[in-house]
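Fold and geometry: a report
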Amino acid sequence: MLSYNGTIDTVRRIRGMKLIPSSGKHNYGARVSICLIIVALIAGIVGCGRIPSEGLEIRTWYDLDAVRDNLGGSYVLMKDLDSTTAGYTQLASPTANEGKGWQPIGGWDSQFTGIFDGQEYEIKDLFINRPEEGPIGLFGSIGGMGAVIKNVGVVDANVTGWDASGSLVGYNELGTVDNCYATGSVAGDVEASGMGGLVGMNERGTVVNCYATSSVAGGWQSGVHIGGLVGLNEDGILSDCHATGSVTGDSGVGGLVGHNQADGTISNCYATGSVIG
């Protein structure tokens, strides 16, 4: 791309070009050509100030499903996704994938490492029924300091999982979840652990400016770590967050976080939901 000075110098060179004498018609055509070149160069200068698209645009469930094909990419949600959006029946409904519903993006060995910007849109009616699987969520696992999920709501989700389950993210390792929220329900069987309304397990990750109103019901055994927002916060950071949903479990149960482990930090947060455990 030409710099501003480089463009001006180019224009000067064009203006200084000697035209070979010819007919008036040819001279006129040459002058028009030079003018068009100058206009194009000026347009290039103006175009340099435009902000390019931040990533691949997501408009359907099919687009969202394709994120798993490039886990390090940058994505922008362009509209709300719900049960009427193309691809829902095939990918995220109670009948999708033989009744298992949505297949989470990213797993233990294949984490999402890119950027997902929801642009304040919502992903609605998400259905997941995988009680013997983990990590579970819209994004199963995100990892690395460059992994970011931001500005998105998961609304009226119905999520059932096993290990590390949340409506938005099952397992967050070193990633950032910013300005996100979840409503609906998260549940697990008797062996489920690390379950949260928004994020199941947050290991050295950051969750900021988020909330969940989801009800969370975990397994009835020791150490299940069930929380209204995050199930297990291990060396992670939670800031400016809240949870209002009911939480049910055995031990390691909390309205906001089920278990805050090691050097986990929680600041400017609160919970108002009922807790049974």
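For the structure itself, look to the data block above.
First, a word on what this report is: a plain description of the structure on this page. Everything quoted here is computed from the prediction, not taken from an experiment.

**Quick notes on the pairing of strand E2 (residues 74-77)**
Both strand E1 (residues 56-58) and E2 contribute to a ladder of three bridges, which runs parallel. Within E2, the position partnered with leucine 56 by the bridge is tyrosine 75. Judged from the three bridges that link them, E2 and strand E3 (residues 115-124) form a sheet pairing that is parallel. Note that in E3 the partner of serine 74 across the bridge is isoleucine 115.

**Looking at the pattern of salt bridges**
Going through the model one piece at a time under the given rule, you end up with six salt bridges. The closest approach of N and O atoms between arginine 68 and aspartate 65, which form a salt bridge, is 2.9 Å. Across the pair arginine 204 and glutamate 173 runs a salt bridge, and its minimum N-O distance is 3.1 Å. Residue arginine 204 is found in the loop between strand E9 (199-203) and strand E10 (206-208), and its partner glutamate 173 is found in strand E7 (residues 169-173); the two are separated by 31 residues along the sequence. Note on glutamate 173: relative accessible area 21%, which makes it partly exposed. A single salt-bridge network, built from bridges that share partners, covers Lys100, Arg130 and Glu133.

**Concerning unusual backbone geometry**
The amide bond that connects glycine 134 to the next residue, proline 135, takes the cis arrangement and shows omega of -5°. By the element assignment, proline 135 lies in the loop between strand E4 (127-129) and strand E5 (139-143). At leucine 174, a residue that is not glycine, the phi angle is positive and equals roughly 75°. Relative to the helices and strands, leucine 174 resides in the loop between E7 and strand E8 (176-196).

Rules behind the numbers
Residues numbered from 1 in each chain as written. Predicted model: local features only at pLDDT ≥ 70, side-chain atom pairs only at ≥ 80, totals over all residues. Heavy atoms only, no water. Pairing = 2+ DSSP bridges. Helix = DSSP H or I, 4+ residues; strand = E, 2+ residues; numbered from the N terminus. Salt bridge = Lys/Arg side-chain N within 4 Å of Asp/Glu carboxyl O. Buried < 20%, exposed > 50% of the residue type's maximum accessible area, 1.4 Å probe, protein only.

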